[in-house]
Amino acid sequence: MTVTSYEKAKIELRDVRKSFGAVNIIHGLDLSIEGGEFVVFVGPSGCGKSTLLRMIAGLEDVTSGDIFIAGRDVTELDPAKRGIAMVFQSYALYPHMSVRENLAFGLEMARTPADEIERQVQAAAQILKIGPLLERRPGQLSGGQRQRVAIGRAIVRKPLAFLFDEPLSNLDAELRVSMRIEIARLHRQLGNTMIYVTHDQTEAMTLADRIVVLRDGHIEQIGTPREVYEDPSNLFVAGFIGSPRMNIVDAVYAGDSRIKVADAVIPLGQVLYGVTAGDGVKLGIRPEHLRVADPGGTALRAKVDFAEYLGSTRYLYCYLPSGEIVTVEQRDGRDFSSGEEIWLHCDPGRLRLFSAGGDRLRAESPAKVASA
Ligand SMILES: Nc1ncnc2c1ncn2[C@@H]1O[C@H](COP(=O)(O)OP(=O)(O)O)[C@@H](O)[C@H]1O
Ligand SMILES: [Mg+2]
């Protein structure tokens, strides 16, 4: 028994804006989501993720711009006619109805024949492993089970796309991980377009085909998890994606493809575009790219503040001579004591550089890249 005939609907936003009164919340977003793609909107609380999702669902009017679903302009269309299903953090189940009735309700409203409703309910129950719960009421279910029913209610409608708004935020940490895997499995099984909103960068990294990083109603970067992690467009994305966070320290471009950080001078091996010698820059280094090694060379001198032991790995929090703190992810099992002086090495290819204003500095000029 399977739920079949999922359409892979493309979703497109063109210059979409939203204001509440005089306050602009979404500032002209353009976004094209491929049919069948799993796209995650991620960003800090209040950046406009839910507002954007609700505009796609039709629960919120757009102030200007256009929204297309499966090639159709739905900007002025009633939410019920857009062919999408939304799953909320709050489950939004009918408390006086059984699980079965909750699943069937939308189909009954749409006057779906009884045998078809039964088929859909059974299929969804099987996918979500809630068959034994069908006669219970929401009050008799755990949080994870309720969220499964909420997802089931979306599945039976065979929507063109699923929209999830922080669906796992009410669950405890362990359940969040297992439900996350189930949502990934659901996408693999159904193959339809999904948009998933979260403030949790781990959820974004693990679920997304592509991540849309939002801040203050602007798109900061769109890319695969690997692209946003390894090749962040700016300091905001660099700091937001990754846990523990990327280390960001002050440095100075010394010219001749070298940068000066604390009391070390590191050769980059490539000329940086967009800065001149003497300019202050921000140097980004991920904790896993720093390693403790011998003094000398281009090593950074640091002093261990404290070490966190996590079994397979250990985080060292260290002071640079500048007083800045950096995190080192260390896997060699060596012990360090508080106050110990160490030397940190990093492959120059792993360094990410940003202007003082937070823009990514690259080794090639945009013009050179474009003409290559
Ligand atoms: N109905 C509303 N009226 C006024 N301001 C709103 C309304 N809904 C959301 N906002 C504001 O819009 C901004 C974005 O909110 P929201 O989309 O809920 O953010 P997120 O989901 O990313 O946390 C916030 O500053 C919020 O206060
Ligand atoms: Mg929200």
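Residues numbered from 1 in each chain as written. Chains lettered and ligands numbered in written order. Predicted model: local features only at pLDDT ≥ 70, side-chain atom pairs only at ≥ 80, totals over all residues.

Draft legend 1. Broad picture of the sheet that holds strand β5 (residues 72-73). The strand order β2-β1-β4-β5 describes an open sheet built from four strands, whose pairing is antiparallel. Here the strands that pair on one side only, and so sit at the sheet edges, are β2 (23-33) and β5. Two strands pair when backbone bridges link them, and strand β1 (residues 11-20) and strand β4 (residues 64-69) are joined in this way by five bridges, in the antiparallel orientation. Each residue of the ladder has a partner; that of Ile11, found in β4, is Ile69. Sheet contacts for helix α1 (residues 49-57): β1, β2 and β4; angle to β1, the most-contacted strand, approximately 120°. (Pairing = 2+ DSSP bridges. Helix = DSSP H or I, 4+ residues; strand = E, 2+ residues; numbered from the N terminus. Contact = placed C-beta atoms within 7 Å. Axes fitted to C-alpha atoms, helices over the stretch in contact; angles between N-to-C directions.)

Draft legend 2. Seen up close, the packing of helix α2 (residues 99-109) against helix α3 (residues 114-128). It is at 10 Å that the axes of α2 and α3 come closest, and there the two elements cross at 135°. Comparing the axis directions of α2 and α3 gives the class oblique. Both α2 and α3 take part in a crossing whose hand is right-handed. Contact residues: α2 offers Arg100, Leu103, Ala104, Leu107 and Glu108, while α3 offers Ile117, Gln120, Val121 and Ala124. Looking at the contact of α2 with α3 residue by residue, the classes come out as six nonpolar, one polar and two charged. (Parallel < 35°, antiparallel > 145°, perpendicular 65-115°, else oblique. Left-handed = near helix turned anticlockwise from the far one by under 90°. Nonpolar A, V, L, I, M, F, W, Y, C, P; charged D, E, K, R; others polar.)

Draft legend 3. The arrangement of the sheet that holds strand β8 (residues 193-198) in detail. Strands sit in the order β6-β7-β8-β3-β9-β10 across an open sheet of six strands; the sheet is mixed. What marks the edges here is a single partner per strand, and that holds for β6 (84-88) and β10 (218-223). On average, adjacent strands in this sheet sit at an angle of 15° to one another, irrespective of strand direction. Note that strand β7 (residues 161-165) and β8 share five bridges and pair parallel. Opposite Asp165, over in β8, you have Val197 as the bridge partner.

Draft legend 4. Representation of the environment of Glu12 within the structure. You can see Glu12 is positioned in strand β1. On the neighbour-count criterion, Glu12 (17 C-beta atoms within 10 Å) is partly exposed. When the C-alpha atoms of Glu12 and Leu31 are compared, they prove to be 5.7 Å apart, with 19 residues separating the residues in sequence. Here Glu12 is in contact with Ser32 and Phe68, once residues within four sequence places are set aside. (Buried ≥ 20, exposed ≤ 12 C-beta atoms within 10 Å, placed from the backbone.)

Draft legend 5. View of the domain arrangement of the protein chain. If you check the domain split of the protein chain, you get domain 1 (11-238) and domain 2 (245-371). Domain 1 and domain 2 are separated by 38 Å when their C-alpha centres are compared. If you look at the interface, domain 1 gives six residues, while domain 2 gives nine residues. Per-class residue counts for the side of domain 1 that touches domain 2 are four nonpolar, two polar and no charged. (Domains from an automatic or database assignment.)

Draft legend 6. Representation of the site of ligand 1 in the model. Residues in close proximity to ligand 1 include Phe20, Ile25, Gly43, Ser45, Gly46, Cys47, Gly48, Lys49, Ser50 and Thr51, which together make up its full environment. Ranked by residue count, the leading element in the shell around ligand 1 is α1, at three residues. A class-by-class count of the residues in the shell around ligand 1 yields three nonpolar, six polar and one charged. (Near = placed C-beta within 6 Å.)

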